[in-house]
Amino acid sequence: MPAAKDIQRALARIRAVMPTQKQSATAQRNIKLGLERISRVVPDEQRWIGVHVGGTNGKGSICALLAGMFKLSGISHGTYISPALPERHNGITINGLYVNKRMYEMELKHVEEAYARVVSGWTFASGENPGDLTPFENETAAAFRVFNKMNVQYGIVEVGMGGATDATNAMKQKAVTVISKIDLDHQEYLGNTIEEIAKVKAGIMRPGVPCIVDHTNPTSVMNVLQDHAQSVGTRINLSSKALPLIADLDQLRFKLQDYEQQNLLCAILAFRNLFPNLQVDVNKLLSLKPQLPGRMEKVKVSELTHGARQNPVLVDGAHNMLGVEALAKYVDGSLREEDQPVTWVMGLSSSKSKPFSKIIETLIRPQDSLAFVEYTQGPNDPPPAPAELGREVAAQVIQDESRIHDDEPSVGKGVQWACNQAGEGPVVVTGSLYMIREFYKTEGVEPSRKTKMRRPGRSQLWRYIKLSQERPLTSEEAREFKQARRHWHLSPMNSPIFRGSSPTSPAVPEKMRTLQRDAARHQSQADGYQKAIHTLKNDLGDGKNDELSKSLQELERRHEEHLQAYNSAMFKIRGRAVDGSKKYPSHDDIFGTPRKSRSRVSALLSENESPGKAEDESNKSADSSTRQLHIGPSESRDSPRGGWSRRRSRKEQQGEEDVIREHRP
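Predicted, not measured: the structure shown is a model, and the values here were computed from it.

A. Structural context of the overall build of the chain. When you go through the chain residue by residue, the secondary structure sums to 22 helices and 14 strands. Looking at the 665 residues of the chain, the share that counts as buried comes to 47%. Summed over all atoms, the accessible surface of the chain reaches about 34,000 Å², with 49% contributed by carbon and sulfur.

Here's what the structure looks like:
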């Protein structure tokens, strides 16, 4: 009778070779290349200038480097990359800050609603039903809307898959395109040869828009790209032209790998094409560490390992041969000391074209240890490669089976096993970005690169006000509500402190500073006691313990004392008690009265001798509103440059209609 392990291995082999259409429904990915669907829901007007970055490897890093240059130059910009780590909204940054999560969720909803409106009764020329938007199309359209609403000047956009038929190619205006190193990847969608894939990726080129190309691409790829550029009517700039621009690079301080230097050359040349007169200090740029999460990042896992591992682990999402070869070169040259063993945590996505054996054999040495793990498949993620299959391949390299993880293949368990196996030796977490995303979400994992999120704006403030009238807010919602209200109070629209060409804050008396410090200290102490109370109550549970009960009463007493002291200090700072009515500003308080509405009503009043003209203007306005609804509901925004916009309220619309009726004959 065969052993259970033999049966598992046999099933794993069957899963690995089974055609996609024969696998379970969860293995089906909703990927539809083409621009027919997304072109119906991206905004009609693109208010930002596009920088489009494609290729196989390095395109996300090029986006991060470009964003760093825009930041150093003080130019308003947004970036959109995929897949996002660790959350969906982390794929969009505005001037170096993650887009607010609530705003992003609203934009996704608006795109879905807009598509539902325009898709009714619409079919392809072939007569087929267009179907729903794919998740990537939805996210891309939402990112374009966010760029519009945040009034960024430039949008740096990473191609998702391929180029010509990728959803990001619905971009209407581009200033420069970039194509990084091209290699075999996603053959099931893009083609079986590197030349076929290069042809698809060349589709992001535009007539008259310069295209920067990594000069280390193979000759066959360069020929395909050059032919396509000539047919489109543009020119190719090789990244090698940027070598003089990095002549001042501090080689001792910044030891770049070959692929890192190529990414830097592509980014600098693209920036120079945009801004010929702006200089880039390469050393200052690299000191910002403009890198994406999960790319050569050191991550702390001491909490995950309960203190057993103090040294950070190296995390790199090397999921194809180009990335794997670069990672192997770095590990052998920088992490290994002579024949020192390295412990690996690896998880790959299933693909009929992914060379699993070659990937594992390129990284693993006979003295190494390996935990091959499986990530939890998301709604539109590719299925993970079976852990049993990875173990079987690794067993051909690692002869000692005790150095191959043979337990639960979850990401967290695999990392814990690897850290115990390595002690304080080198540990590398690598493979699919979907596995890296799950690793970052694991409790006890602390990434080194932390990006703050933008504060909630006026539309979120109004949303929370309406939501709080329907039900109690959650702790997270209450925190964001408070942030949104504070942000609104301090905006240039409401606060005289920030008005004028040279805004200055009034001098704060020392007495007031002392009160502020006291209030902050009492609040911090009250929060600490609150956490201790919560912990102690959990320990008590339903049982009785006189000693713990006395401690709990003392903690509650001290918590109440600090709360009272905080409220007393805040009363002296404000000079008044808190006015409950100020907690919920009205819609007019938040958004103000739009100038456009006032001028339109005035125009109607002054034209009562020509009612026909007023009626024509009204019809034009109605047509304009219809076009706006075709895209999706417009949201109010906080603009980096202080611009505000909003939809007219129902009350204002009714007032204008009354004026029109009153002055008609």
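B. Seen up close, the sheet that holds strand 12 (residues 369-372). With mixed pairing, the six strands of this open sheet are ordered in space as 12-11-13-10-9-14. Since the sheet does not close on itself, it has two edges, and those belong to strand 12 and strand 14 (446-447), each with one partner. Bridge count between strand 9 (residues 297-300) and strand 10 (residues 313-316): three bridges; the pairing is antiparallel. Among the inter-strand pairings, Glu297 is bridged to a residue of strand 10, identified as Val315. Sheet strands touched by helix 13 (residues 411-422): strand 10, strand 11 (343-347), strand 12 and strand 13 (427-431). Its angle to strand 11, the strand with the most contacts, is close to 165 degrees.

C. The arrangement of the packing of aromatic side chains in detail. Counted by the stated rule, this structure contains ten aromatic pairs. Look at Trp48 and Phe147: their rings are 5.1 Å apart centre to centre, the planes differ by 90 degrees, and that puts the pair in the edge-to-face class. Taken as a pair, Trp48 in the loop between helix 1 (4-17) and strand 1 (49-54) and Phe147 in helix 4 (residues 135-149) lie far apart in primary sequence, 99 residues in all. By the burial criterion, Trp48 is buried, and Phe147 matches it. Grouping aromatic residues by their ring pairs yields a cluster made of Phe70, Tyr154, Phe271 and Phe275. Lying across the ring of Phe481, Arg485 places its NZ or CZ 4.9 Å from the centre.

D. Geometry of the pattern of salt bridges. Under the counting rule described, the total for this entry stands at 20 salt bridges. Note that Arg145 and Glu107 form a salt bridge whose closest N and O atoms lie 2.6 Å from each other. Taken together, the residues span a long stretch of sequence, with Arg145 in helix 4 and Glu107 in helix 3 (residues 101-119) at a distance of 38 residues. For the residue pair Arg145 and Glu107, the accessibility class agrees, reading buried in each case. When the shortest N-O distance is used, the salt bridge between Arg336 and Asp332 registers 2.8 Å.

E. Region of interest: a positive patch on the surface. Judged by side-chain charge, Arg455, Lys482, Arg486, Arg574 and Arg576 come together as a positively charged surface patch. Here Arg486 shows up in helix 16 (residues 475-489). Residue Arg486 is classed as partly exposed on the basis of its relative accessible area of 44%.

F. Here's a closer look at the sheet that holds strand 5 (residues 154-158). Read from one edge of the open sheet, eight strands run 4-3-2-5-1-6-7-8, paired in mixed fashion. At either margin of the open sheet sits one strand with a lone partner, and together these are strand 4 (97-98) and strand 8 (236-238). Summarising the sheet, strand 1 and strand 6 (residues 174-179) pair through five bridges and their orientation is parallel. Note on strand 6: the bridge partner recorded for His52 is Thr177. Contacting strand 6, strand 7 (211-213) and strand 8, helix 7 (residues 219-232) runs over the sheet at an angle of about 145 degrees to strand 8.

G. Molecular detail of the packing of helix 3 against helix 15 (residues 458-468). The geometry of helix 3 relative to helix 15 is characterised by a closest axis approach of 10 Å and an angle of 85 degrees between their N-to-C directions. Of the possible angle classes, the one that applies to helix 3 and helix 15 is roughly perpendicular. Only Ser459, Gln460, Arg463 and Tyr464 of helix 15 make contact with helix 3, whose side of the interface consists of Arg102, Met103 and Met106. Here the contact of helix 3 with helix 15 is composed, by residue class, of three nonpolar, two polar and two charged.

H. Examining the pairing of strand 6 more closely. Of all six residues that make up strand 6, five are buried, and the element is covered over most of its length. As paired strands, strand 6 and strand 7 are joined by three bridges and run parallel to one another. Bridging from a neighbouring strand, Val178 pairs with Ile212 of strand 7.

I. Structural context of the side chain of Arg295. With respect to the secondary-structure elements, Arg295 resides in the loop between helix 9 (282-287) and strand 9. Of the side chains bearing the opposite charge, Glu158 lies closest to the buried Arg295, which forms no salt bridge; the N-O distance is 5.2 Å. Within the structure, the side chain of Arg295 is placed 2.9 Å from the backbone oxygen of Pro293, a separation counted as a polar contact. The residues touching Arg295, leaving out its near neighbours within four places in the chain, are Leu85, Val315, Asp316, Leu433 and Arg449.

J. Fine view of helix 17 (residues 510-540). Here helix 17 spans 45 Å end to end across 31 residues, near enough to the 45 Å set by a 1.5 Å rise per residue. Among all positions of helix 17, only Leu515, Ala519, His522, Ala526, Tyr529, Ile533, Leu536 and Leu540 are buried. On its buried face, helix 17 is in contact with helix 18 (546-574).

K. View of the packing of helix 17 against helix 18. Here helix 17 crosses helix 18 at 155 degrees, and the two axes come no closer than 8 Å. Compared by their axis directions, helix 17 and helix 18 come out roughly antiparallel. Seen from above, helix 17 lies across helix 18 with left-handed handedness. Of the residues assigned to the contact of helix 17 with helix 18, the class counts are 18 nonpolar, nine polar and four charged.

L. Structural context of the environment of Gly414. Counting through the fold element by element, Gly414 comes out in helix 13. Overall, Gly414 belongs to the buried group, its relative accessible area being 0%. As for Gly414 and Met346, which are separated by 68 residues in sequence, their C-alpha atoms are 8.7 Å apart. Not counting residues within four places of it along the chain, the set of residues in contact with Gly414 comprises Val345, Ala371, Val373 and His405.

M. Quick peek at unusual backbone geometry. In this structure, Pro83 follows Ser82 across a cis peptide bond, with omega equal to -10 degrees. Looking along the chain, the bond that leaves Leu85 and enters Pro86 is cis, with omega of -10 degrees. You can see Pro86 is positioned in the loop between strand 2 (77-80) and strand 3 (92-94). One non-glycine residue, Met296, lies in positive phi territory at about 45 degrees.

Procedures and definitions
- Residues numbered from 1 in each chain as written.
- Predicted model: local features only at pLDDT ≥ 70, side-chain atom pairs only at ≥ 80, totals over all residues.
- Heavy atoms only, no water.
- Helix = DSSP H or I, 4+ residues; strand = E, 2+ residues; numbered from the N terminus.
- Buried < 20%, exposed > 50% of the residue type's maximum accessible area, 1.4 Å probe, protein only.
- Areas by Shrake-Rupley, 256 points an atom, 1.4 Å probe, with all protein chains shown as cover.
- Pairing = 2+ DSSP bridges.
- Contact = heavy atoms within 4.5 Å.
- Axes fitted to C-alpha atoms, helices over the stretch in contact; angles between N-to-C directions.
- Phe/Tyr/Trp six-rings, centres within 6.5 Å; stacked < 30°, edge-to-face > 60°.
- Lys NZ or Arg CZ within 6 Å of the ring centre and 35° of its normal.
- Salt bridge = Lys/Arg side-chain N within 4 Å of Asp/Glu carboxyl O.
- Patch = residues over 30% accessible without salt bridge, like charges linked within 9 Å, V, L, I, M, F, W, Y side chains within 5 Å.
- Lys, Arg positive; Asp, Glu negative; His and termini not counted.
- Charge placed at Lys NZ, Arg CZ, Asp CG, Glu CD.
- Parallel < 35°, antiparallel > 145°, perpendicular 65-115°, else oblique.
- Nonpolar A, V, L, I, M, F, W, Y, C, P; charged D, E, K, R; others polar.
- Polar contact = N/O pair within 3.5 Å; in protein donor to acceptor, adjacent residues only side chain to side chain.
- Expected span 1.5 Å × (residues − 1).
- Left-handed = near helix turned anticlockwise from the far one by under 90°.

By themselves these figures say nothing about function.
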